Amino acid sequence: MSAKRQPDQTPSYPSDADVEAVIAEANGDAREAVRMLLIDLDALARDRNASVSRGYVYGRLAVVRGRVL
């Protein structure tokens, strides 16, 4: 008996519509869209760093960055 695998029904993210929305927000300029996304990513990283205890992540950050904070 052969069982057919059903394709994964989980929608992929980001979808093409999401990508098009970001480019449209940047007035069609792909470089500006990438710049906007990098600025947002930096803001999220800064927010995370501000909300996490330095003592908790001390060892992890030292290994990732190759230096002690």
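(A) Just the confidence of the model for the protein chain, in detail. Of all residues in the protein chain, 64% attain a pLDDT of 70 or more, and the chain-wide mean is 77. Mean pLDDT across the secondary structure elements of the protein chain bottoms out at helix 3 (residues 54-65), with 59, and peaks at helix 1 (residues 16-25), with 94.

(B) The arrangement of the pattern of salt bridges in detail. The full count for this structure, using the stated rule, is 2 salt bridges. Close ionic contact of E32 with R35 constitutes a salt bridge, the shortest N to O distance being 3.1 Å. Here E32 and its partner R35 are both found in helix 2 (residues 30-51), 3 residues apart, which amounts to about one turn of the helix. Judged by relative accessible area, which is 29%, E32 ranks as partly exposed. Here R46 and D42 are joined by a salt bridge, their closest N and O atoms 2.8 Å apart. Of this pair, R46 and D42 both sit in helix 2, separated by 4 residues, roughly a single helical turn. A residue is classified by how much of its surface remains accessible, and D42, at 37% relative accessible area, is partly exposed.

(C) Layout of a nonpolar patch on the surface. On the surface, V34, L38 and L41 cluster together to form a nonpolar patch covering roughly 290 Å² of accessible area. Here L38 lies in helix 2. Of the residues examined, L38 reaches a relative accessible area of 53% and is grouped as exposed.

(D) Up close: helix 2. If you check helix 2, its first and last C-alpha atoms are 32 Å apart, about what 22 residues at 1.5 Å a residue would give, namely 32 Å. At the N-terminal boundary of helix 2, the capping side chain belongs to D29, with an oxygen 3.2 Å from the backbone nitrogen of R31.

Here is what the cut-offs are and how they apply
- Residues numbered from 1 in each chain as written.
- Predicted model: local features only at pLDDT ≥ 70, side-chain atom pairs only at ≥ 80, totals over all residues.
- Heavy atoms only, no water.
- pLDDT = per-residue confidence, 0-100.
- Helix = DSSP H or I, 4+ residues; strand = E, 2+ residues; numbered from the N terminus.
- Salt bridge = Lys/Arg side-chain N within 4 Å of Asp/Glu carboxyl O.
- Buried < 20%, exposed > 50% of the residue type's maximum accessible area, 1.4 Å probe, protein only.
- Patch = residues over 30% accessible without salt bridge, like charges linked within 9 Å, V, L, I, M, F, W, Y side chains within 5 Å.
- Areas by Shrake-Rupley, 256 points an atom, 1.4 Å probe, with all protein chains shown as cover.
- Expected span 1.5 Å × (residues − 1).
- Polar contact = N/O pair within 3.5 Å; in protein donor to acceptor, adjacent residues only side chain to side chain.

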